[in-house]
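Given next are the chains, with one letter for each unit.
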Amino acid sequence: MSAGVPRKAAERAADLRAAIDKHNYHYYVEDAPAISDEEYDGLFHELEALERDYPELATQDSPTQRVGAAPAAGFAPVTHRLPMLSLNNAFTTDEAAAFDRRVREILRVDAVDYEVEPKFDGLAVSLTYERGAFTFGATRGDGFTGENVTANLRTIRAIPLKLPADGTLPSLLEIRGEVLMNKRDFERLNAAQAAKGERLFVNPRNAAAGGLRQLDPKMTAARGLTFVAYGVGQVDWGSRGRPPATQAAVMDFLAELRLPVARERAVVRGLDGVLAYYRGIGEKRDGLAYQIDGVVYKVNDLAQQERLGFVSRAPRFAVAHKFPAEEMPTEVLAVEVQVGRTGAITPVARLKPVFVGGVTVTNATLHNEDEVRRKDVRVGDTVIVRRAGDVIPEVVRVVVEKRPKGAREFSLPRKCPECGSAIVRLPDEAIARCTGGLVCPAQVKQALLHFASRRAMDIEGMGDKLVDQLVEGKVVRTAADLYKLGVAGLAELERMAEKSAANVVAAIDKSRRTTLARFIYALGIRHVGETTAKDLARHFGGLDALLDADEAALLDVHDVGPVLAQSIRQFFGEPHNREIIAQLRAAGVQWPEGAPQRAATGKLHGLTFVLTGTLPTLSREDAKELIESHGGKVAGSVSKKTNYLVAGDDPGSKLERAGELGVPVLDEQQLKATINRRRGG
Ligand code: IVH
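Bear in mind the structure is a predicted one, so any value in this text is a computation, not a measurement. (Residues numbered from 1 in each chain as written. Predicted model: local features only at pLDDT ≥ 70, side-chain atom pairs only at ≥ 80, totals over all residues. Heavy atoms only, no water.)

Here the focus is the side chain of Asp-100. You can see Asp-100 is positioned in helix 3 (residues 93–107). A distance of 2.6 Å separates the side chain of Asp-100 from the side chain of Tyr-114, its partner in a polar contact. Among residues more than four places away in sequence, those in contact with Asp-100 are Tyr-114 and Leu-271. (Helix = DSSP H or I, 4+ residues; strand = E, 2+ residues; numbered from the N terminus. Polar contact = N/O pair within 3.5 Å; in protein donor to acceptor, adjacent residues only side chain to side chain. Contact = heavy atoms within 4.5 Å.)

Structure, rendered in structure tokens:
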């Protein structure tokens, strides 16, 4: 410590830090506070005051320094030292039994000890401690590369910034575990959101995930997240006498280091043991502080774990035995239809709110007309609703015994509820569609939202509410109209201050400079996703070539088949679509145009041709262009690298050379057939 700090102050600060760390542990890890909140605050404020007087005392691991970092611009990618794998799932007792059987067969033993834990429903992170100090934390990401979220993890009080040192601490200790939001904190958060009139979070996991990815650590701190460890990554056990031999010993070691671990963890024997544990946790589930979606069984003996190893991205020594998706009865208040961007009509059941699978459900999709008929869902029915994980809630079945008298069978409306246009369902199609196109406000809204979305034109601030107002007020009818908006006009809209109006106008202006791929994607052509948009942009280089492309030319594009080609043709064949595109360009929407890059994706990609003699209909130049436009190369002389010789009348010496080298020879007819055969295949 520097000479400027009196010894007494330094000692007091150290004592305070130790006391606060201890009470954090009691409060956040053990959930058993040892002092009152006021006493805790007293200690905290005293330490803050000392550190204010002697800034040298405010070390990185001080509990006052959890929310230190300034907002970040983004999260840097990090490669995990050891990959963060996933678990295989077992959904039934049979699947759990199959897991145990396989383990026993491989190990050639009669019974296996398992370390068992709840499966926490949060998001996986990896924490690095170097010589006892928390230095680094990352999200799981794709398992190999995650994001550096150290500053945010530091704000989570269940995560110690410093581990108690007792001389046996590994020099490097990587902890794996789950960031969670307790159910209690989740309810508090949503109550606060509701009071502010803001969007509610669907479940604790989403709220936790969003919290951890805040750019400003203060925002993360405000979410009240917690953490629980379930294992280790890379560890240098070097300094310890004997590394642990079992998963249970690893967990005990983590608990000794005051890291939060599941209190419900246990070691059980064999299939009977795990199934009894599964039932026991199932009964306790609702009383737990956090959400779980199953239990995890891990072979306890680490040497056995190693013998079992991994299959692709999951260990063979562990399995997640999931709880069944929760089901609850509720009442159907109405069956309505929703109109999507392409006019697709989706029947939706409006439900009496019911809490199921960790969220309050008020709507369930009924997918399409046939599905409603099959399940025979009627207004007034009592239905069983199911929701698991992140999936859209669905109606499992109707409790027919409870059907009220006179409940009428569902039939699809014949007119679009949004615009009154006819709804048609083509033979062979499951989906009915509104034919209103651009006169249907529902379709226009969806189309505009898609146009403005992040991966399309990326117009910040162009959200649901604004689009609703713009369309309903008939201010905007097409994407091109967006570029005519002025600050004054926008500011007249409800809930739009001049400042936000100016922001929206600036965002629209910014979107004028884009890329061809984004622009194509933004148009919202049916079946054209981001990848296809990129392929089209690359292939044609410029928009005009795409606008003029006939079906055959479209089929030449990598991964474009007949359905897509037809959909693209239809879209650009529609005069009003062309008109909107012209207006967008006139409004200054622009992108750098490039040379067409058909070579990389064409049907003759990777093939080298040589031409010789006179072909019946194609000139030498035409033939060359034809081959190159499909990605092939044309060389001047036959060699071992030549794939085909294309020969016409009076071929000359090249034909002989091809014969010697065994290069196949095609005539013009066969060349064209090759191109056509390779199409789409
Ligand atoms: S052990 C090799 N234990 O579940 C992977 N994982 O579906 C070892 N999870 O990414 C993971 N609770 O984030 C383990 N008690 C627990 C868990 C748990 C939740 C998560 C973990 C993992 C995911 C796999």
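The next subject is the site of the ligand. In the neighbourhood of the ligand, 14 residues make up the surrounding shell, with Glu-117, Pro-118, Phe-120, Glu-178 and Tyr-230 lying closest. One of the backbone nitrogen or oxygen atoms of Pro-118 is found 3.0 Å away from a nitrogen atom of the ligand. Lys-298 places a side-chain nitrogen or oxygen 3.1 Å from a nitrogen atom of the ligand. Protein coverage of the free-state accessible area of the ligand, which is 520 Å², stands at 86%. Only strand 3 (113–120) and strand 10 (292–299) provide two or more residues apiece to the shell around the ligand. In terms of residues, the shell around the ligand owes the most to one element, strand 3, which gives 4 residues. (Near = heavy atom within 4 Å. Areas by Shrake-Rupley, 256 points an atom, 1.4 Å probe, with all protein chains shown as cover.)

This part covers the sheet that holds strand 22 (residues 633–635). Taking strand neighbours across the sheet as the criterion, the 4 strands line up as 22-21-23-24 in an open arrangement whose pairing is parallel. Edge positions in the open sheet fall to strand 22 and strand 24 (665–666), since each of these has one partner strand only. In this structure, strand 23 (residues 644–647) lies alongside strand 24, joined through 2 bridges in parallel fashion. Across the sheet, residue Val-646 finds its bridge partner in strand 24, namely Leu-666. Set on the sheet, helix 23 (residues 620–629) makes contact with strand 21 (608–612) and strand 22; between it and strand 21 the angle comes to about 170°. Against the sheet, helix 24 (residues 653–661) contacts strand 21, strand 23 and strand 24, and its axis sits at roughly 150° relative to strand 23. (Pairing = 2+ DSSP bridges. Axes fitted to C-alpha atoms, helices over the stretch in contact; angles between N-to-C directions.)

Let us look at the packing of aromatic side chains. With the rule as written, the count across this model stands at 12 aromatic pairs. Ring centres of Tyr-278 and Phe-323 lie 5.2 Å apart, and the angle between their planes is 40°; on these two criteria the pair is classed as tilted. Of this pair, Tyr-278 sits in helix 9 (residues 270–284) while Phe-323 is found in the loop between strand 13 (318–322) and strand 14 (326–339), placing the two residues 45 residues apart along the sequence. On the basis of an interplanar angle of 25° and a centroid distance of 5.5 Å, the ring pair of Phe-609 and Tyr-644 is categorised as stacked. Here Phe-609 is found in strand 21, whereas its partner Tyr-644 is found in strand 23, with 35 residues between them in sequence. Classification of Phe-609 as buried rests on a relative accessible area of 0%. (Phe/Tyr/Trp six-rings, centres within 6.5 Å; stacked < 30°, edge-to-face > 60°. Buried < 20%, exposed > 50% of the residue type's maximum accessible area, 1.4 Å probe, protein only.)

It is worth spelling out a negative patch on the surface at this point. Residues Asp-37, Glu-38, Glu-39 and Asp-41 make up a contiguous surface patch of negative charge. Among the structural elements, Glu-38 can be located in helix 2 (residues 37–53). (Patch = residues over 30% accessible without salt bridge, like charges linked within 9 Å, V, L, I, M, F, W, Y side chains within 5 Å. Salt bridge = Lys/Arg side-chain N within 4 Å of Asp/Glu carboxyl O. Lys, Arg positive; Asp, Glu negative; His and termini not counted. Charge placed at Lys NZ, Arg CZ, Asp CG, Glu CD.)

Next up on the list: the sheet that holds strand 7 (residues 172–180). Spatially, 4 strands are ordered 5-4-7-8 in an open sheet, and the strand pairing comes out antiparallel. Of all strands in the sheet, those bounded by a partner on one side alone are strand 5 (133–139) and strand 8 (226–235). The average angle at which neighbouring strand axes cross in this sheet is 30°, direction not considered. Helix 6 (residues 204–212) contacts strand 4 (123–130), strand 5 and strand 7 of the sheet and is inclined by roughly 45° relative to strand 4. Taken strand by strand, helix 8 (residues 247–256) contacts strand 7 and strand 8, and its axis lies near 120° from that of strand 8.

If you walk through the whole model with that rule in mind, you get 34 salt bridges. Here Arg-350 ties to Glu-336 by a salt bridge, and the two come within 2.6 Å at their closest N and O atoms. Of the two residues, Arg-350 sits in strand 15 (residues 344–356) while Glu-336 sits in strand 14, which places them 14 residues apart along the sequence. Since its relative accessible area comes to 35%, Glu-336 is described here as partly exposed. Glu-472 serves as the salt-bridge partner of Lys-445, at 2.6 Å between the closest nitrogen and oxygen. In this pair, Lys-445 is assigned in helix 12 (residues 441–452) and Glu-472 in helix 13 (residues 464–472), connecting sequence segments 27 residues apart. With relative accessibility at 11%, the residue Lys-445 sits in the buried group.

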